[in-house]
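Breakdown of the fold
Each chain, letter by letter, is given below.
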Amino acid sequence: MSLATETRPMTRREWLLSDRPQSRLQARLGRAYMTWRRFSANRLAVLGLLILLGLVFVAAFADLLAPHSPVIGNLASARLLPPGSEGYLLGADDQGRDILSRLIHGSRLTLAVVVLVAIIAAPVGLIVGAVAGYAGGWIDAILMRITDIFLAFPKLVLALAFVAALGPGIENAVIAIAITSWPPYARIARAETLTVRNSDYIAAVRLMGASPARIVFRHVIPMCMSSLIVRVTLDMAGIILTAAGLGFLGLGAQPPLPEWGAMIASGRRFILDQWWVATMPGIAILIVSLGFNLLGDGLRDAFDPRESGQ
Amino acid sequence: MNGRRRARSRKAVAAALQFLVVVATTYLGLLAVTFFIGRVIPIDPVLAVLGDRAPAHVVERTREAMGLNLPLYQQFVIYCRQALSGDFGISVLTTNPVMTDIRRVFPATMELATVGTLIGALIGVPLGVLAAVKRGSIADQIVRVIGLVGYSVPIFWLALLALLVFYARLKWVAYPGRIDIVYEYTFSPITGFYLVDALWQRQWDVLRDVFRHIILPASLLGYFSLAYISRMTRSFMLNELQQEYIVAARAKGLSEARIIWAHALRNAAVPLVTVIALSYAGLLEGSVLTETVFSWPGLGLYITNSLQNADMNAVLGGTIIIGSVFIGINLLSDLLYRTLDPRTRAR
């Protein structure tokens, strides 16, 4: 090895890929960089990420992007206009409302449902699973029995029954979906916890006198995060479909909210002659949930190459 | 020898007991959740029966007669006893006992889910095998995309579009419903599975009509199970194709077709049975939305109709039935797995 290569300053890439990181930050950035490299090699996954960034962008700037009001239509001249009409790119519905504008504003509802379900269900599942796995014994048995009971339920039917009891509305739909979607997260968190609970670093932390709560929250739960994130991302598509299904049955968002599932339901009456009223929102749902599925697949491959089957 | 045999039988008894405990607690949990839902409901069950103009003393008397004055745990015990004997109360909408209604509509859902699973398995397994064998090829990519779209598309929307194309435009299939109105009064089903009944009674025109009605909703449901089944088949097959016995079979000079279909798929079949059973359970659930679109007179349509009329007895009864079938299929697939795979048998 010559002197020149030793003194040459590291490139940024070498610094990231160094197998002897000098600091915690460097190690973390290095890992993130490797994960990103694996992820971005998968073109479909990047497409999924772009779709979701697009969704966030559209939701954030809905007011600027939408050419018309999502709730007030023009009954006089725009009723059931076909797609491609002037000023109504995707056509108009039976109230003379621009479908594109409703889709743009509906992206906010979709995003809200997904985010709310994730921030309710994921922590619940995470804590139940990590506590059960770390504590073991009868706590584990009871918590996992409850989890299994909820897992044994058909999700959509249980959500239907909950919404029927709580009353229709988008808030109740979110609650119902969250109640039905935490158990798989608990299973995953428990499995991950079981693999780390007997490892040396946990024993070391325990020897230093850390309390069980501190061990679970600071040292066990971070280890569960990557599998949990993958699973939540993959579940997002299912959550969107369930929310849209509830909306379609008239149990989710109520009119005049531009929720995509409810829009399909209201277009159902005109399906034979004005097909675009029901078709356009379905395409929006398909694109967004496809985006989540592609992203989830890509994340799984990037975080855990063993499971991808590649 | 004797001691070992006794230990083995003791182990079997313990496993059976554990199995029973799992069944019992899961079912109890199902009842507890539906009981809870029935009690948090804002609609007063008494008012649902009497209407809001009933005088106060009648309301009081009915409340007592319905057992709503008892402590909650006693109500729960009564609720469990009734549910276990198949008594879910009277449907406000149809004025029949809920169980009678469910018995009438359940075969329709079963028939739809069965045909759907058949379609899904018969197409999904070969597709999955193809994707695994030609891994990374264009065929693999296509199967992957078919599966991804199946996971991502809203079923009720696809159902609407399918109706628009195949019924309204192309006129290939019959209109929504289960059987043509012409046959509705001349055809007397025995089992409730119209395809089987028509075949049994050799009413070929009825069979043709029933087929024209069921093929579209069943294909849609089949597509959804196909997405799941083909994906799982692919990963099971990939796993098998890496094993050493495949190398040995190749070294022996067996044909590639024989290796794939007779050796690898046979071993992948064990977990596949579980997957197909689970997808069957999933279709029972998916039928809720599909039946609504196709006016299919099954359990799903019954539940959604009852929902729209705040008929809670019917909704909860339907939920319990679907939940029970779900639990049953889950446990059954577990048992099947254990009996089919010699490695998981208790030694």
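Before reading on, note that the structure itself is shown above.
Attention in this report is confined to the structure presented alongside it. (Residues numbered from 1 in each chain as written. Chains lettered and ligands numbered in written order. Predicted model: local features only at pLDDT ≥ 70, side-chain atom pairs only at ≥ 80, totals over all residues. Heavy atoms only, no water.)

Let's shift gears to the overall build of chain B. Per the secondary structure count, chain B includes 14 helices and zero strands. Along the chain direction, N to C, the helices and strands of chain B fall in the order α-α-α-α-α-α-α-α-α-α-α-α-α-α. Seen through its C-alpha atoms, chain B measures out along the principal axes to roughly 85 × 70 × 40 Å. When the 347 residues of chain B are sorted by exposure, 44% land in the buried category. When the accessible surface of chain B is split by element, carbon and sulfur atoms take 64% of a total near 18100 Å². The averaged location of the 21 negative side-chain charges in chain B is 14 Å from the averaged location of its 32 positive side-chain charges. (Helix = DSSP H or I, 4+ residues; strand = E, 2+ residues; numbered from the N terminus. Buried < 20%, exposed > 50% of the residue type's maximum accessible area, 1.4 Å probe, protein only. Areas by Shrake-Rupley, 256 points an atom, 1.4 Å probe, with all protein chains shown as cover. Lys, Arg positive; Asp, Glu negative; His and termini not counted. Charge placed at Lys NZ, Arg CZ, Asp CG, Glu CD.)

This part covers the packing of aromatic side chains. Inspection of the entire model under this criterion finds nine aromatic pairs over all chains. Taken together, a centroid distance of 5.6 Å and an interplanar angle of 50 degrees make the contact between Phe150 of chain A and Trp182 of chain A tilted. Separated by 32 residues along the polypeptide, Phe150 of chain A in helix 7 (residues 137–151) and Trp182 of chain A in the loop between helix 9 (170–181) and helix 10 (183–196) bring together distant segments of the chain. Look at Phe150 of chain A and you get buried, because its relative accessible area is 18%. Cluster of aromatic residues (ring-pair linked, three or more members): Phe35, Phe76 and Tyr79 of chain B. (Phe/Tyr/Trp six-rings, centres within 6.5 Å; stacked < 30°, edge-to-face > 60°.)

Time to look at the packing of helix 13 (residues 260–267) of chain A against helix 14 (residues 276–303) of chain A. All names here are of chain A. The N-to-C vectors of helix 13 and helix 14 enclose an angle of 155 degrees; their axes lie 7 Å apart at closest approach. Compared by their axis directions, helix 13 and helix 14 come out roughly antiparallel. You can see that helix 13 and helix 14 cross each other, and the crossing is left-handed. Residues Trp260, Gly261, Met263, Ile264 and Gly267 of helix 13 form the contact with helix 14, whose own contacting residues are Val277, Ala278, Pro281, Gly282, Ala284, Ile285 and Val288. Its residues placed into classes, the contact of helix 13 with helix 14 shows nine nonpolar, three polar and no charged. (Axes fitted to C-alpha atoms, helices over the stretch in contact; angles between N-to-C directions. Parallel < 35°, antiparallel > 145°, perpendicular 65-115°, else oblique. Left-handed = near helix turned anticlockwise from the far one by under 90°. Contact = heavy atoms within 4.5 Å. Nonpolar A, V, L, I, M, F, W, Y, C, P; charged D, E, K, R; others polar.)

Our focus in this paragraph is the environment of Thr147 of chain A. All names here are of chain A. As for its placement among the helices and strands, Thr147 is situated in helix 7. Along the sequence, Thr147 and Pro183 sit 36 residues apart, while their C-alpha atoms lie 5.2 Å from each other. Dropping the residues within four chain positions of it, Thr147 is found in contact with Val128, Trp182, Pro183, Ala186 and Arg187.

Between chain A and chain B, the residue contacts involve 41 residues of the former and 48 residues of the latter. Of the roughly 4000 Å² buried between chain A and chain B on both sides combined, carbon and sulfur atoms contribute 73%. Linking chain A with chain B are two salt bridges, by the criterion used here. A salt bridge links Arg231 of chain B to Asp297 of chain A; the shortest N-O distance between them is 2.8 Å. (Buried area = accessible area lost by both parts, 1.4 Å probe. Salt bridge = Lys/Arg side-chain N within 4 Å of Asp/Glu carboxyl O.)

Here we come to helix 3 (residues 24–40) of chain A. Along an α-helix, residues three or four positions apart point the same way, because every turn accommodates 3.6 residues. Residues and elements named next belong to chain A. Counted at 1.5 Å a residue, the expected span for helix 3 with its 17 residues is 24 Å, and the 24 Å between its end C-alpha atoms agrees. All of the buried residues in helix 3 are Gln26, Gly30, Tyr33, Thr35 and Phe39. Contact partners of the buried residues in helix 3: helix 2 (12–17), helix 4 (43–60) and helix 14. (Expected span 1.5 Å × (residues − 1).)

With an omega of 5 degrees, the peptide bond between Pro255 of chain A and Pro256 of chain A qualifies as cis. Of note, Thr95 of chain B is a non-glycine position whose phi angle comes to about 60 degrees, a positive value. You will see that Ser295 of chain B, though not glycine, has its phi angle at about 45 degrees, which is positive. Looking at the secondary structure, you find Ser295 of chain B in the loop between helix 12 (256–294) and helix 13 (299–308). Take Ser295 of chain B: its relative accessible area is 38%, and that puts it in the partly exposed class.

Where charged atoms from two side chains of opposite charge approach closely, those side chains can pair. Here the structure, examined in full by the defined rule, presents 15 salt bridges over all chains. Taken together, the shared-partner salt bridges connect Asp297 and Arg300 of chain A together with Arg144 and Arg231 of chain B into one network.

So, about the side chain of Thr279 of chain A. Note that Thr279 of chain A resides in helix 14. Owing to a relative accessible area of 8%, Thr279 of chain A belongs among the buried residues under this scheme. At a separation of 2.6 Å, a polar atom in the side chain of Thr279 of chain A contacts the main-chain carbonyl oxygen of Trp275 of chain A. Residues within four places of Thr279 of chain A in sequence aside, it is in contact with Trp157 and Leu161 of chain B. (Polar contact = N/O pair within 3.5 Å; in protein donor to acceptor, adjacent residues only side chain to side chain.)

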